[in-house]
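Listed here are the chains, written in short residue letters.
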Amino acid sequence: MAPAIRLHQVSKSFGRARALDVLDLTVHQGEVHGLLGPNGAGKSTAIRVLLGMLRPDAGGATVLGRDPWSEAPELHRRLAYVPGDVSLWPNLTGGEVIDLLTRMHGTGSRARRDELIERFELDPAKRSRTYSKGNRQKVGLVTAFSLDADLLVLDEPTSGLDPLMNEVFKECVREANRAGRTVLLSSHILSEVEQLCGRVSIVRSGRTVDAGSLAELRAHAATVVTATLATAPGDLSGIEGVRDVVTDGTRITVTTTRYDAVMTCLARAGIESLTVTPPTLEDLFLHYYDTTATTEPVR
């Protein structure tokens, strides 16, 4: 099955500033895929390329089997997009904006619209100019989740939402995924990505530095192992990938990327208790941004 999104060695510059530098991104059909990176990493530029809002200087892009630049009208009938700062017509009510956008898209369910308005606790009778940022985001989210779209592109969509509404958002993403829809989620909230996304791509300086499932990415980062042993452990500091070894009699804590080698050494000393703490998504993110200045991008 062809990917829902495929950006292959895409480059884009604005004057002397290089926003995308041979970036690769693959999103499989039917998955929730996280796009991670700080401000300036190139995430929003990549999203504008796949939406057909920008033409890349080099490289190739396909979205739902179409060229996003030359076939944008046909493509936009099959996707929904929510930016990180939704702009609305100030004199229209929230409900009127939702209805207008739904009619422009040509799909959507009135019953689903009404259900989502209730779940997001949005007052559709208020004019858009009176809405807070959070309420403007709700209008975008209600519209997107109301549509019969094959692909949802969400760029920092929960900006301005309170924790309760953030939970509603996550459940809506899960419902869309269960319905077979593909979701690309760009977010600064790492816990949100960790809960929702089956695979993630980490972007740095316009390049994808790693991509895969959380389990695959965790295999590249350090795990903290704490053990109480029957006898004093041997010297683990000579094992490649081992750092931060702390011993206190028969108790040892070690940070390692060579889990199997460490466990072999600990087993020789007799393991009485063991705690293994795999890296969180936040640990992985900081790992790539602290230690990979020379890392080659994923191909």
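Residues numbered from 1 in each chain as written. Predicted model: local features only at pLDDT ≥ 70, side-chain atom pairs only at ≥ 80, totals over all residues. Heavy atoms only, no water.

(A) Quick look at the confidence of the model for the chain. Mean pLDDT over the chain works out to 90, with 96% of the residues at or above the 70 mark. Contacts for the low-pLDDT stretch residues 292-299, under 50 throughout, to residues beyond four places or in other chains number 17 contacts. (pLDDT = per-residue confidence, 0-100. Contact = heavy atoms within 4.5 Å.)

(B) Here's a closer look at the nonpolar core. Within the largest apolar cluster, 45 residues are counted, with the highest numbers of intra-cluster contacts made by Phe120, Phe145, Leu152, Leu154, Phe169 and Val173. A total of six residues in this core trace back to one element, the largest contributor, which is helix α6 (residues 163-178). Other than its neighbours up to four places away in sequence, Phe169 contacts Phe120, Leu141, Phe145, Leu154, Pro157, Thr158, Leu185, Glu192 and Leu196. Ranked by size, the runner-up nonpolar core spans 25 residues in total, among them Leu20, Leu35, Val153 and Leu184. (Core = buried A, V, L, I, M, F, W, Y, C linked by side-chain atoms within 4.5 Å. Buried < 20%, exposed > 50% of the residue type's maximum accessible area, 1.4 Å probe, protein only. Helix = DSSP H or I, 4+ residues; strand = E, 2+ residues; numbered from the N terminus.)

(C) Just a nonpolar patch on the surface, in detail. Together, Tyr259, Ile271, Leu274 and Val276 line one region of the surface with nonpolar side chains, adding up to about 290 Å² of accessible area. Looking at the element boundaries, Ile271 is found in strand β13 (residues 271-277). (Patch = residues over 30% accessible without salt bridge, like charges linked within 9 Å, V, L, I, M, F, W, Y side chains within 5 Å. Areas by Shrake-Rupley, 256 points an atom, 1.4 Å probe, with all protein chains shown as cover. Salt bridge = Lys/Arg side-chain N within 4 Å of Asp/Glu carboxyl O.)

(D) Looking closely at the sheet that holds strand β4 (residues 58-63). With antiparallel pairing, three strands are arranged side by side in an open sheet as β2-β1-β4. Unpaired on one side and paired on the other, β2 (17-27) and β4 mark the two borders of the sheet. In this sheet, adjacent strand axes meet at a mean angle of 25 degrees when their direction is disregarded. As paired strands, strand β1 (residues 5-14) and β2 are joined by seven bridges and run antiparallel to one another. Bridging from a neighbouring strand, Val10 pairs with Leu23 of β2. Sheet strands in contact with helix α1 (residues 43-50) are β1, β2 and β4, and its direction is about 115 degrees off that of β1. (Pairing = 2+ DSSP bridges. Axes fitted to C-alpha atoms, helices over the stretch in contact; angles between N-to-C directions.)

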